[in-house]
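Structural overview
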Amino acid sequence: MRVLVIEDEAPLREQLVSRLRADGYAVDSAADGDEGLYLGLEFPVDVGVVDLGLPGRSGMEVIAALRAAGKAFPILILTARGRWQDKVQGLEAGADDYLVKPFEIEELLARLRALLRRAGGWSQSVLHCDPLSLDTATRTVTLAGVPVELTSYEYRILEYLMLHAGEVVSKVELTEHIYDQDFDRDSNVIEVLIGRLRRKLDPDHALNPIETRRGQGYRFALARTPS
Amino acid sequence: MRSLQARLVLAASLVLTVFLGVGGFALDRSFHDSAKTSVRQRLQAHVYALLAAADVDSRGMLHMPASLSDERLQRPGSGLYAQVEGAGGAVLWRSASELGKQIPAAGPLVPGRWAFARLPAPQGGGLFMLSFGVAWDTGADGGQRYTFTVAEDVAAYQAQVDRFRRSLVIWLGAAAGLLLLVQGSILRWSLAPLRAVERELQAVEAGAQSRLEGAYPRELKGLTGHLNALLESERRQLARYRDALADLAHSLKTPLAVLRGALDPRRREQLESVVREQADRMNTIVDYQLQRAATSGRTALMAPVNVASVIERVVNSLHKVYRDRDVQAELRVADDILFHGDEDDLMELAGNLADNAFKWCRHRVRVSAHREGQSLLLAVEDDGPGIPAGQRDRVLDRGGRADAGVSGHGIGLAVVADIVTAYGGTLRIETGELGGARVCAAFPGV
């Protein structure tokens, strides 16, 4: 999952970026509205974290500009003033949720996870496709109730595919949303990771949770289990 | 044009100039006309006198007496002249006054016809000339025709007109001066209350008085009333900031003391949890006091706010935030309900109440606003667990101790209570029709 962080206070921005990276997100960050808007328009962002009080172009303007350009990824606003006027204006400009500073970073992570799964059409924090379950809060995967050990990148790929369950996801898309910049797109590392995931999730070749669509990409094929 | 007085004086002077100018011109014109008419009447009388004096003998010869009734006709250069012309245009008789100055011939005139003209003279001045055509019945061959002409120098007429103009200018000027003077004093008198307001405002600024005390005319009552309201709300705002600052400082002392105590080496193992706990507490305090200081309360100069549109915006925003919850929000707010206060305050109030309702409801939230006499009633309810009767007072109790905020409904309700108090209203918590908490704010005369 690729997160865009636009925050002018350097200590908070660095804290956010390092924590998000540690939690397996690919992160782009900007210290002002103009750079942030550029990143939001040019990169395949999955979710944005935008501070309202930015120097230059304000957070409100960045959000409005992103929405006007047709960018639909969910956006969480950070505001220092807890006034409802700000929250309502931010949400009206196109944001999806707000968080008042100061906040616990765990709270921010939970909100981002909620926004991401909402964007994928999931309403619970546990993505359930019988017999597979992925808990976005604890980042754990169980197969028929039995925990499956996954590496960080394996988890990221599975989470992305499950959030977009039913859709065909290309290799390029997977690469862009899972790795930070400067990743060699021609390498076959995605294929290797998919192969390892398949062995872990479907040792008997009975389930076939991840289909390969030749020339197109991959598709998570298990049906979503209604909650 | 910075001064009202200068504007009014200028406008009045312009109007006065135009009116007096037009009036003077009309008077001058009508005097001219009547003077001319009187000249003509005088000349006509002279013509009749000449006709009476003239005699034509049986051979058709005109005879004029040697002496005429008006001695001016005898005196050369007197300014009054007369002559008689025959049918062919030849001058048959000239008055003695024409000696050395011949007046032009009038030309033959049809009998019974008058001709009046003003002839300009090359050396200035000029003549008024009146001619009358006459047919003299001599009994012989159908009679003789004559033209009798009397002329008068313009000088006398001109002198009369000049005299009139001089006095006209003097009197009109005097009237204009007097009017301006009177108007100036009326202005000074009318604008005196404005100068009084200025003096009083200076006194307020200097701290000598706290409001405008003077008795002002009706037209200024609105202005001074609003100024007093503004001064009052500024003062209240200042007091609120001061109180909030003092409250903030005092309420931060406790967590600071706890933090300092946590540095005790014997309690090292608890340091992390104490820091976390006290940071939370300080954050709550800062939030609460900030909100409190930002509440503006009622002022006299607020544009009324449409309640329905504010509530709609808040509820739409909350739907976005609580998208997972599938909340059914019902708005019972008529379009014409207005809140005479600060929009920020209303949004803060509605936001906090509706946020709590969305948070605690199972599926349904209802926001309603209606008028009851002079009061505005705003109620938010949900179908959640509600607030037990025993805890309602504690939830609303602020007492300046924000750090004792009740968990769950958070500082939201305390903020709402503060806003309602700032508007002189009351806040009530009860069990609503939906089964959960119903929070009702009543604003008197807002």
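Residues numbered from 1 in each chain as written. Chains lettered and ligands numbered in written order. Predicted model: local features only at pLDDT ≥ 70, side-chain atom pairs only at ≥ 80, totals over all residues.

Considerations on the overall build of chain B
Along chain B, the regular secondary structure elements total 8 helices and 14 strands. Looking at chain B as a whole, 25% of its 446 residues are labelled buried. At a minimum sequence separation of 6, the contacts of chain B that also span at least 24 residues come to 61%. (Helix = DSSP H or I, 4+ residues; strand = E, 2+ residues; numbered from the N terminus. Buried ≥ 20, exposed ≤ 12 C-beta atoms within 10 Å, placed from the backbone. Contact = placed C-beta atoms within 7 Å.)

A look at the interface of chain B and chain A
By a frequent convention, interface size equals the accessible area lost on bringing the separate parts together. Taken residue by residue, the interface counts 15 residues in chain B and 13 residues in chain A. Of all the secondary-structure elements, those providing two or more residues to the side of chain B that touches chain A are helix H4 (271–294), helix H5 (307–321) and helix H6 (343–360) of chain B. Broken down by element, the residue count for the side of chain B that touches chain A peaks at 5 residues, all from H5(B). Class assignment for the residues of the side of chain B that touches chain A results in 4 nonpolar, 4 polar and 7 charged. (Nonpolar A, V, L, I, M, F, W, Y, C, P; charged D, E, K, R; others polar.)

Let's talk about the sheet that holds strand E3 (residues 47–51) of chain A
Residues and elements named next belong to chain A. As summarised here, the arrangement of the 5 strands in space is E2-E1-E3-E4-E5, forming an open sheet in which the pairing is parallel. Since the sheet does not close on itself, it has two edges, and those belong to strand E2 (26–30) and strand E5 (97–100), each with one partner. Across the sheet, the mean angle separating the axes of adjacent strands is 20° when strand polarity is ignored. Relative to E3, helix H3 (residues 59–68) is tilted by about 150°, and along the sheet it contacts strand E1 (2–6), E3 and strand E4 (75–79). Most of the contacts of helix H5 (residues 105–119) go to E5, to which it runs at about 180°, and overall it touches E1, E3, E4 and E5. (Pairing = 2+ DSSP bridges. Axes fitted to C-alpha atoms, helices over the stretch in contact; angles between N-to-C directions.)

Considerations on the environment of Gln160(B)
With respect to the helices and strands, Gln160(B) occurs in helix H2 (residues 154–205). Sequence separation of Gln160(B) and His32(B) is 128 residues, and the distance between their C-alpha atoms is 9.5 Å.

Let's talk about the nonpolar core
By size, the foremost hydrophobic cluster in this structure holds 99 residues, and its most contacted members are Val3(A), Leu161(A), Val314(B), Ala350(B), Ala354(B) and Val416(B). Residues from two domains meet in this core; each of domain 1 (2–119) and domain 2 (126–220) of chain A gives at least three. Not counting the four nearest positions on each side in its chain, Leu161(A) is found in contact with Val169(A), Ile210(A), Tyr218(A) and Phe220(A). (Core = buried A, V, L, I, M, F, W, Y, C linked by C-beta atoms within 7 Å. Domains from an automatic or database assignment.)

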